[in-house]
Structures are given as structure tokens and as C-alpha cells.
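Notes for the structure review
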Amino acid sequence: MDDDLQIDSDDDLFRNPVFYEPAGRNLDLDRPDLGVPQGQDLLNVLLRMRGRVPVEKRGLICPDCRDLRGRRVPMYLVQRDGVWLASHYRKPGEKPISHESDEHLARKERVAKDSEDHGFHADIESQTADGHARLDVRINGANGIVLGYEPQLSTQTARGMRARERFRRRGGIQSVWDFADPDHAGIGTVPYVRTPNLPASVIRVQKNPVAVQDGNFVLEEGQCSQNGALTRCPEKPYDPENPTDAGYCGGWHRVLMPAHQSSTFTGEGGLTLTRFIVEAAAGERIPFQRGGHHGWLPARQWQQYLEANGPALDDKELQPSVRQGDRRGRCTEDRPASEVRAEPKQRRGSRAIVLESRPRETEAARVPVDASGQAIPLCRFGCGQPASLPGPEGLPEHFSCRRKHEG
């Protein structure tokens with residue numbers, strides 16, 4: 001009975017909300033009772049329906065499809081790595097459901113147009129060669145570079161973002177994930193940029209610049225001091241209560257610094273999304289991974305990085321934690337917020353990545369000497385300063401220190 005069903009691939013699975021009609025409420029698939037009173041056995045009841053009850057009669061439907069499109073779309077449960085997910089029911093060959101927001105569509109259209117205007121062919125909704133991922137915008141760059149532009153405006157987990165990125169990397173794609181939420185779990189988890197949360201009407205006007213606010217890094221090195229090359233110590237924890245605090249350790253650091261936090265940032269003529277995409281397609285911006293954190297470097301900075309740190313980038317290809325599958329089409333992308341979706345962990349996405357540090361070099365204490373080259377002893381009264389004249393007792397002292405001692 002479940003054979004007449006288009007099974008979603010792992011890259012298609014999301015934390016979709018699911019509404020259970022008999023209970024009249026959304027289910028929380030992370031809870032043993034599914035968030036329903038006396039619901040401890042409900043999951044077993046739903047699973048026993050497999051092969052016995054048609055999917056459309058099990059009582060699970062998509063609340064987004066109901067609220068946004070006025071459609072009753074049945075759903076079924078899928079387990080991946082011990083996590084239960086709800087997937088949309090569709091028959092084989094049936095066109096997938098699209099819930100992309102207008103802002104999401106506008107970003108895809110804008111990047112595709114800008115890329116074409118700069119001589120790089122772009123396709124919207126293009127599959128990778130292995131069929132395991134579908135790119136929002138595929139851009140054919142210079143020297144065989146293939147960019148995949150992926151605006152991501154909906155909430156996703158870091159684990160899910162890493163899985164989706166693996167599909168693209170195995171297909172030879174350099175992904176550019178575009179986030180508008182500064183606290184999105186994908187920031188730093190995948191190669192990314194962050195842009196403002198603008199309305200679709202603004203994004204579609206090509207003369208309107210869309211600023212890149214994060215994801216673009218530069219290489220900096222120097223002394224960690226008030227007059228040094230770094231704006232603040234990269235190893236000093238950020239204090240949200242005192243965001244302008246600039247602490248220094250006196251040592252030396254080589255760091256990958258978010259461009260907007262670097263010592264050379266002036267705020268003038270900032271990087272735009274159009275310029276970033278065009279330069280990435282031309283090979284003038286290179287994605288990096290260091291210590292599990294992703295970002296982008298200008299090609300010149302990338303060469304400096306390689307010269308200083310070598311080719312090892314902590315870039316191990318992780319084995320997929322879920323099965324591979326033939327990707328047919330994404331069901332959902334930018335859906336409204338739902339109370340059953342996992343909220344992203346609040347985090348500070350923009351941070352310096354320390355490549356090398358050296359502590360402050362301590363100079364050997366200089367011992368003062370007299371004209372004959374003999375060391376001058378310290379004052380007997382403990383002021384810590386050398387005293388060249390002996391007192392009545394024949395011990396080194398200062399006249400002022402004696403007066404204080406006797407007074």
C-alpha cells in the first residue's frame with residue numbers, strides 16, 4: 001500500500017511541521033509523547049498503519065500547505081539516524097510542492113541575472129550530475145568552477161546543513177550559502193555569506209546593492225597591542241556586555257579575520273553580493289575550512305594563507321551519516337516558522353580564526369651598573385630601585401627612603 005509513493009531522498013528531508021487531525025494539533029517529533037496528551041503510544045499506532053492504511057487516511061497532513069495553499073497534503077514519517085521526520089506524500093512522477101518565499105525567489109532571480117550580465121551562464125533549479133542535489137542557482141564560472149548559490153532563509157539545523165553541503169561537494173560544486181539571520185545554525189558550518197533581510201521588491205531591482213555583511217575573511221598578522229596591526233586580541237573572549245572592549249595580550253597572532261572586523265575596514269565601498277558572486281565565479285575568491293569553520297578568502301589572501309600554513313585545511317570529507325538517494329526535487333525551502341522546528345542555537349557567527357600565536361617575548365632584565373661596570377644594588381628599604389650611595393650602616397639606600405622609614 002506504500003508502494004505508490006515518491007520517497008524523498010535524504011537531501012530532501014527537512015524538519016517539516018506535521019499536523020495530526022484527530023488531535024487537532026501539530027506533533028512534536030522530538031518528544032516521546034509527540035506533544036499530545038496520552039500520546040506515548042501514538043508513534044507506534046502511526047507506524048502500525050504502514051502497509052495497512054493509505055497514507056492519505058492516517059491523519060497526518062502538512063499545516064503549511066493547509067494554511068498557505070488551502071490544500072490538504074498528507075504526510076508520512078521517516079526515521080534518519082534515530083530522528084523522526086515528516087515528509088510530504090506525492091505519487092511517483094508528481095511535481096514536488098514548492099513553498100519558496102518571494103524573497104527566496106527574488107534572490108535566486110537576482111543572482112542569476114547578475115551572473116549572466118557579467119558573462120557567467122546561470123541556471124535556476126539545476127541538478128548536480130550525480131542527481132543527489134539540486135542547486136537553487138548553478139553558475140558556470142571560469143576554469144571549470146561551478147558555483148551553487150543557495151539562499152537559505154528558513155530555519156535549519158547545523159547537522160542538516162552539513163549533510164546538504166556534502167551532497168554538493170561530492171558533485172564538484174562550490175556552494176555559496178546566503179543567510180539573512182545572523183544567528184542561523186548554518187553560519188560557519190558551510191561556506192557562507194550573510195546579507196540583509198530585504199524585501200523581494202528591493203532585491204529584484206538590480207541597481208540596489210545587496211551588502212555582504214559576513215562570510216568574507218582576510219588574513220592578518222601582527223603584534224597584539226594598542227599600536228599593533230590587530231584591532232583586538234583574537235583569543236580574548238567576546239564580552240557582549242562590553243562589545244567595544246579592545247583587550248590586548250602583547251603577543252603575536254596570525255588570524256583569519258572577518259573583513260568587517262579587520263584593521264583595514266573603513267565601511268566605505270563595501271562588498272556586494274553581486275561582486276562576491278562574480279569574483280567567486282572568476283576564481284578570485286576561494287572557500288576555506290579551518291577548525292570546522294567555513295568562509296571565503298580573496299585569492300591573494302588565499303595564497304598568503306598557503307605560504308604561511310601549507311595546504312592542510314582541516315578539510316576532511318566526513319562520511320555521510322544517512323543513505324544516499326536520487327534527488328528529484330525539494331519539497332520545501334523557506335516555510336513560515338513553526339513551533340515544532342528546532343530553534344537555532346544563539347551564536348556569534350563573526351569571529352576571528354587563530355592560525356598561529358606566539359606569546360610576548362620577555363626581555364632579560366637589565367641590571368644597572370656603575371662607571372666601573374659593577375652592578376648597582378637595590379635600596380635596602382625595599383623600594384625596588386637601585387641605590388648607589390651607602391647609608392650610615394654601609395648599606396645601599398636612598399635619602400628619601402630613609403626619611404620615610406624613620407618618619
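Our subject in this report is the structure included herewith. (Residues numbered from 1 in each chain as written. Predicted model: local features only at pLDDT ≥ 70, side-chain atom pairs only at ≥ 80, totals over all residues. Heavy atoms only, no water.)

Notes on the sheet that holds strand β2 (residues 25–26)
On the basis of which strands lie adjacent, the open sheet formed by three strands has the order β2-β1-β3 and antiparallel pairing. In the strand order of this sheet, the two ends are held by β2 and β3 (60–61), each with one partner. Judged from the two bridges that link them, strand β1 (residues 19–20) and β2 form a sheet pairing that is antiparallel. When the bridges of β2 are listed, F19 appears paired with N26. (Pairing = 2+ DSSP bridges. Helix = DSSP H or I, 4+ residues; strand = E, 2+ residues; numbered from the N terminus.)

Focus on helix α7 (residues 299–309)
Of all the residues in α7, the buried ones are Q301, W302 and Y305. Seen end-on, α7 carries its buried residues on one side only, within an arc spanning 105 degrees. What points out from α7, more than 90 degrees from its buried face, is the exposed set R300 and E307. In the core, the buried residues of α7 are packed alongside β11 (217–223), β12 (252–258), β13 (285–290), β14 (293–298) and β15 (353–358). (Buried < 20%, exposed > 50% of the residue type's maximum accessible area, 1.4 Å probe, protein only. Arc of directions from axis to C-beta. Contact = heavy atoms within 4.5 Å.)

Some words on empty space enclosed by the protein
Enumeration over the complete set of coordinates arrives at five cavities of 30 Å³ or more. One number sums up the size of the second largest cavity: a volume of about 60 Å³. Taken together, R110, V111, D114, S115, V210, L273, T274 and I277 make up the lining of the second largest cavity. Elements with a minimum of two residues in the lining of the second largest cavity: α3 (102–117) and α6 (273–281). In terms of residue count, α3 provides more of the lining of the second largest cavity than any other element does, four residues in total. (1 Å grid on protein atoms, 1.4 Å probe; cavity = no way out; pocket = protein on both sides within 12 Å on 5 of 7 lines; lining within 4 Å. Points joined across faces, edges and corners; volume = space filled by probe spheres on them.)

As for the packing of aromatic side chains
Counted by the stated rule, this structure contains three aromatic pairs. Between F217 and F288 the ring centres are 5.3 Å apart and the planes differ by 90 degrees, which places this aromatic pair in the edge-to-face class. Note that F217 is positioned in strand β11 and F288 in strand β13, a separation of 71 residues in sequence. Pair check on accessibility: F217 and F288 agree, each one buried. A centroid spacing of 5.2 Å and a plane angle of 80 degrees characterise the contact between F276 and W296, whose relative ring orientation is edge-to-face. Of this pair, F276 sits in helix α6 while W296 sits in strand β14, and the two are 20 residues apart along the sequence. Take F276 and W296: they sit in the same class, and that class is buried. Above the face of the F19 ring, R66 is positioned so that its terminal group lies 4.5 Å from the ring centre. (Phe/Tyr/Trp six-rings, centres within 6.5 Å; stacked < 30°, edge-to-face > 60°. Lys NZ or Arg CZ within 6 Å of the ring centre and 35° of its normal.)

Describing the sheet that holds strand β10 (residues 192–194)
If you trace the five strands from one edge of the open sheet to the other, you get β6-β7-β8-β9-β10, paired in mixed fashion. Because the sheet does not close on itself, it has two edges, and the strands there are β6 (122–127) and β10. Taken over all neighbouring pairs, the strand axes of this sheet differ in orientation by 30 degrees on average, direction set aside. The strands that helix α4 (residues 158–170) touches are β7 (134–140), β8 (146–152) and β9 (174–179); relative to β9, the one it contacts most, it runs at about 150 degrees. (Axes fitted to C-alpha atoms, helices over the stretch in contact; angles between N-to-C directions.)

So, the nonpolar core
Within the largest apolar cluster, 21 residues are counted, with the highest numbers of intra-cluster contacts made by I139, L147, Y149, V176, L273, F276 and I277. Within the residue set of this core, elements represented by two or more residues are α3, β7, β8 and α6. Every residue in contact with V176, bar those within four places of it in the chain, is listed here: L147, G148, Y149, E150, P191, V193, F276, I277 and W296. V18, C65, M75 and W84 belong to the second largest nonpolar core, which has 18 residues in total. (Core = buried A, V, L, I, M, F, W, Y, C linked by side-chain atoms within 4.5 Å.)

Things to note about α4
Here α4 contains 13 residues, and its C-alpha end-to-end distance of 18 Å stays within 8% of the 18 Å for a straight helix at 1.5 Å per residue. Looking at α4, one finds that the buried residues are M161, A163, R164, E165, R166, F167 and R168. The inward-facing, buried residues of α4 abut β7, β8 and β9. Once α4 finishes, G172 follows within two positions and takes phi at roughly 75 degrees, a positive value. (Expected span 1.5 Å × (residues − 1).)

Overview of the side chain of R285
Its location among the elements puts R285 in strand β13. The buried category is assigned to R285, whose relative accessible area is 5%. A distance of 2.8 Å separates a polar atom in the side chain of R285 from a polar atom in the side chain of N216. Of the polar contacts made by the side chain of R285, one reaches the side chain of E279; its length is 2.7 Å. Not counting residues up to four positions away in its chain, the partners in contact with R285 are N216, L271, R275, F276, E279, A280, W296, L297, P298 and A299. (Polar contact = N/O pair within 3.5 Å; in protein donor to acceptor, adjacent residues only side chain to side chain.)

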